[in-house]
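Single-letter residue listing:
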Amino acid sequence: MNSYAKGVACILTSAFCFAVMNVCVRMAGDLPSVQKSFFRNLIAAVFALILLLRERQWPKITRRQLPLLILRSVFGTVGILCNFYAVDHLVLSDASMLNKMSPFFAILCSWLVLKEKITPVQGAAVLAAFGGSLLIIRPTLSNMDLFPSLIGLLGGAGAGAAYTMVRKLGQTGINRTMIVLFFSAFSCLVTLPFLVFDYHPMSGTQLAALLGAGLAASGGQFSITAAYCYAPAREISVYDYSQVIFSAFLGFVLFQQIPDQLSIIGYLLICGSGIALFLYHRRQEDCVKR
């Protein structure tokens, strides 16, 4: 396999792993999102720690990197908690799609934080994507899923802001595994007090589901890191939307969930906007090379 094929294989693996993670979170039952988040991040932290220890040289964190790591971890923790809440209360594919609003929030955050200009094409894509999210959310008082849908959208915003911080961190040359370890450990520490004072007893099945969520999340994180090592984001990022397909399939098979017509139109708008952005950025970079 060439590097491009390996990158595509890794990002598809990552999308499947994150879809499985959402299934495991759903199967864990009515446990608090904070408790689910703790076990998900604990497994990821252990994996990242093992990888760093194998390198035999502990990477240093500079004064410039520390605030960015903290911001990445805060936004990432908000994103996970909101996503887990949405997964528990919405159709799996709806929750996954709202979380996939993160690239569009990343564009807005890059404009606000990194002072990067938004082109007309990017602006149109962001507006179309938000239009798609409104079809999924359907903001009316009669919609019983309005609150969890808004929480799911907030999760996408948190993830988008977190990715902006990761991009800023990448410019500092920080070790990528350290980003995973810092975020996972930070999230565990933040959620630990809630776990101590409001711990909900778990059955063996629930514990197994949460451990499965942690393993799947670890596989997803390291697969997507490997994907972007094999091939540039401009060439393979569009394949990350396959998570919605995996989620819809698993939701139908395991929970008999079927998205309604408005949600499907929303999926098409968001995915179409993502594909349009992908093609636009690729064309822009090809023009620069010429």
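Just so you know, these numbers come straight off a predicted model, no measurement behind them. (Residues numbered from 1 in each chain as written. Predicted model: local features only at pLDDT ≥ 70, side-chain atom pairs only at ≥ 80, totals over all residues. Heavy atoms only, no water.)

The number of helices and strands found in the protein is 12 helices and zero strands. Listed N to C, the secondary structure of the protein is α-α-α-α-α-α-α-α-α-α-α-α in terms of helices and strands. Looking at the protein residue by residue over its 290 residues, the buried ones come to 49%. Pairs at least 24 residues apart make up 88% of the contacts formed inside the protein by residues separated by at least 6 positions. Total accessible area on the protein is roughly 14,500 Å²; 69% of this is exposed by carbon and sulfur atoms. (Helix = DSSP H or I, 4+ residues; strand = E, 2+ residues; numbered from the N terminus. Buried < 20%, exposed > 50% of the residue type's maximum accessible area, 1.4 Å probe, protein only. Contact = heavy atoms within 4.5 Å. Areas by Shrake-Rupley, 256 points an atom, 1.4 Å probe, with all protein chains shown as cover.)

The next subject is the nonpolar core. In terms of nonpolar packing, the biggest core is built from 37 residues, with Met21, Met97, Met101, Phe104 and Ile270 touching the most fellow members. Apart from the residues within four sequence positions on either side, Met21 is in contact with Arg40, Asn83, Phe84, Ala213, Ala216 and Ala217. Ala45, Ile174, Met178 and Leu181 belong to the second largest nonpolar core, which has 13 residues in total. (Core = buried A, V, L, I, M, F, W, Y, C linked by side-chain atoms within 4.5 Å.)

Let's shift gears to a nonpolar patch on the surface. Residues Met27, Phe249, Phe252, Val253, Leu254 and Ile258 make up a contiguous nonpolar surface patch of about 630 Å² in total accessible area. Looking at the nonpolar patch, the element that brings in the most residues is helix 11 (residues 242-255), giving four residues. Here Ile258 shows up in the loop between helix 11 and helix 12 (261-289). In this structure Ile258 comes out as exposed when scored by relative accessible area, which is 61%. (Patch = residues over 30% accessible without salt bridge, like charges linked within 9 Å, V, L, I, M, F, W, Y side chains within 5 Å. Salt bridge = Lys/Arg side-chain N within 4 Å of Asp/Glu carboxyl O.)

Looking now at the side chain of Gln65. Mapped onto the secondary structure, Gln65 falls in helix 3 (residues 65-89). Gln65 sits in the buried class, given a relative accessible area of 4%. For Gln65, the side chain forms a polar contact with the side chain of Thr172, separated by 3.1 Å. Residue contacts for Gln65: discarding those within four places in its chain leaves Lys60, Leu169, Thr172, Gly173 and Ile174. (Polar contact = N/O pair within 3.5 Å; in protein donor to acceptor, adjacent residues only side chain to side chain.)

Attention shifts here to the packing of helix 4 (residues 92-99) against helix 6 (residues 120-137). One can describe the packing of helix 4 onto helix 6 by two numbers: an axis separation of 10 Å at closest approach and a directional angle of 150°. In this view, helix 4 runs roughly antiparallel relative to helix 6, as classed from their interaxial angle. Relative to helix 6, the crossing made by helix 4 is left-handed. Residues Asp94, Met97 and Leu98 of helix 4 lie in contact with helix 6, whose contacting residues are Ser133, Ile136 and Ile137. Looking at the contact of helix 4 with helix 6 residue by residue, the class counts come to four nonpolar, one polar and one charged. (Axes fitted to C-alpha atoms, helices over the stretch in contact; angles between N-to-C directions. Parallel < 35°, antiparallel > 145°, perpendicular 65-115°, else oblique. Left-handed = near helix turned anticlockwise from the far one by under 90°. Nonpolar A, V, L, I, M, F, W, Y, C, P; charged D, E, K, R; others polar.)

What follows covers the packing of aromatic side chains. Applying the stated criterion to the full structure yields three aromatic pairs. On the basis of an interplanar angle of 85° and a centroid distance of 5.4 Å, the ring pair of Phe16 and Phe246 is categorised as edge-to-face. You can see Phe16 sitting in helix 1 (residues 3-27) and its partner Phe246 sitting in helix 11, a full 230 residues away along the chain. Since its relative accessible area comes to 38%, Phe16 is described here as partly exposed. (Phe/Tyr/Trp six-rings, centres within 6.5 Å; stacked < 30°, edge-to-face > 60°.)

Here Thr77 is to be found in helix 3. A polar side-chain atom of Thr77 sits 2.7 Å from the main-chain carbonyl oxygen of Ser73. Once you skip the residues sitting within four places of it in the chain, Thr77 turns out to touch Phe183, Phe186 and Ser187.

Since the α-helix packs 3.6 residues into each turn, any two residues three or four apart lie on the same face. Across its 18 residues, helix 6 extends 26 Å between first and last C-alpha, which sits within 8% of the 26 Å expected from 1.5 Å per residue. Here helix 6 has its buried residues at Gln122, Ala125, Val126, Ala129, Gly132, Ser133, Ile136 and Ile137. Taken down its axis, helix 6 places every buried residue within 135° of arc, on the same side. Exposed and facing more than 90 degrees away from the buried side of helix 6 are Pro120 and Leu127. (Expected span 1.5 Å × (residues − 1). Arc of directions from axis to C-beta.)

Once that is clear, we can look at the confidence of the model for the protein. For the protein, the average pLDDT comes to 80, and 90% of its residues sit at 70 or higher. Confidence, expressed as mean pLDDT per element, reaches its minimum in the protein at helix 10 (residues 233-236) with 60 and its maximum at helix 3 with 89. (pLDDT = per-residue confidence, 0-100.)

Once that is clear, we can look at the packing of helix 4 against helix 11. Remark: helix 4 packs on helix 11, axes separated minimally by 8 Å, with the N-to-C direction vectors making an angle of 160°. Of the possible angle classes, the one that applies to helix 4 and helix 11 is roughly antiparallel. Seen along the crossing, helix 4 lies across helix 11 with a hand that is right-handed. Of the residues in helix 11, those touching helix 4 at Leu92, Ser93, Ser96 and Met97 are Gln243, Val244, Ser247, Ala248, Gly251 and Phe255. In terms of residue class, the contact of helix 4 with helix 11 is built from five nonpolar, five polar and no charged.

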